[in-house]
Amino acid sequence: QPATVASAPTASISQMLQNPRIAARVCSPVATAMVLSALQGAQKPVVTEHIISSCHDPVTGMYGLWPLAIRAAANAGYIGAVELFTDWTPALACLAAGLPLVASIRYGRGELPGAPMPATGGHLVVVTGVDGNEVLVNDPAAANHGTVSRRYPLEAFSRAWFRHRGAVYIVGP
């Protein structure tokens, strides 16, 4: 069972304050921008617009293709990988090493208390730590930058993450 661990602090960036035409579709590049802010030792946003355009696939029109997010991180001088976790053990090791995690979550209505979206078939959030029975998350779906940082119940978040693959991407030096 997780204890208390935290990654390097990340900037809090709301995807909902990005270009209104695409704001609902850019959780992956915004999560990538938050992780890059931590790696660069800055709690202010990196150039989010540049990362959003780097993550756009002109063929499909999507912003959520993870290889493009990994490439955007590589272009900033970092390496990345996509992993599938089955429990908290590797996640805690990454967090303890200072690496925030971009986790893919999926949950039904009311299954993740405190989330800005009542339900989602797929969304990316930045896991920044665990504090007892709570998961510390920067959720880019928050309405504004000031409400991005959240605490979700560990059990509910674990279901939303591990029940559907436990997919995560990790970016590091």
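Residues numbered from 1 in each chain as written. Predicted model: local features only at pLDDT ≥ 70, side-chain atom pairs only at ≥ 80, totals over all residues. Heavy atoms only, no water.

J.: Which parts of the structure should I look at to understand the overall build of the protein?
T.: Scanning the protein for helices and strands turns up 5 helices and 7 strands. If you list the helices and strands of the protein from N to C, you get β-α-α-α-β-α-β-β-β-β-α-β. At 14 Å, the protein has a C-alpha radius of gyration in line with the 16 Å of a compact globule built from 173 residues. Projected onto its principal axes, the C-alpha positions of the protein cover 40 × 35 × 30 Å. When burial is assessed residue by residue, the protein has 52% of its 173 residues classed as buried. (Helix = DSSP H or I, 4+ residues; strand = E, 2+ residues; numbered from the N terminus. Rg over C-alpha atoms; globule rule 2.2 N^0.38 Å. Buried < 20%, exposed > 50% of the residue type's maximum accessible area, 1.4 Å probe, protein only.)

J.: Looking at this model, I keep getting lost on the environment of Leu124. Mind explaining?
T.: Mapped onto the fold, Leu124 is located in strand S4 (residues 120–131). For the pair Leu124 and Ser28, spaced 96 residues apart in the sequence, the C-alpha separation amounts to 6.0 Å. If we ignore the near neighbours within four places in the chain, the residues touching Leu124 are Cys27, Ser28, Trp66, Val102, Ala103, Ser104, Pro140 and Tyr169. (Contact = heavy atoms within 4.5 Å.)

J.: Hey, could you run me through the layout of surface pockets in this one?
T.: One simple way to see leftover space: roll a probe sized like a water molecule over the atoms. Its boundaries defined by the atoms lining it, the largest pocket holds a volume of some 250 Å³. Every residue lining the largest pocket is counted, 15 residues in all, and those nearest its centre are Cys27, Gly64, Gly122, His123 and Leu124. At the level of secondary structure, the elements contributing two or more residues to the lining of the largest pocket comprise helix H1 (27–39), strand S3 (101–107) and S4. With 4 residues, S4 is the single largest residue contributor to the lining of the largest pocket. Class assignment for the residues of the lining of the largest pocket results in 6 nonpolar, 6 polar and 3 charged. (1 Å grid on protein atoms, 1.4 Å probe; cavity = no way out; pocket = protein on both sides within 12 Å on 5 of 7 lines; lining within 4 Å. Points joined across faces, edges and corners; volume = space filled by probe spheres on them. Nonpolar A, V, L, I, M, F, W, Y, C, P; charged D, E, K, R; others polar.)

J.: It is not clear to me how unusual backbone geometry should be interpreted in this structure. Could you clarify?
T.: It is generally the case that most residues other than glycine have a negative phi and that most peptide bonds are trans. Positive phi outside glycine occurs at Arg165, with the angle close to 100°. Looking at the secondary structure, you find Arg165 in the loop between helix H5 (154–162) and strand S7 (167–172).

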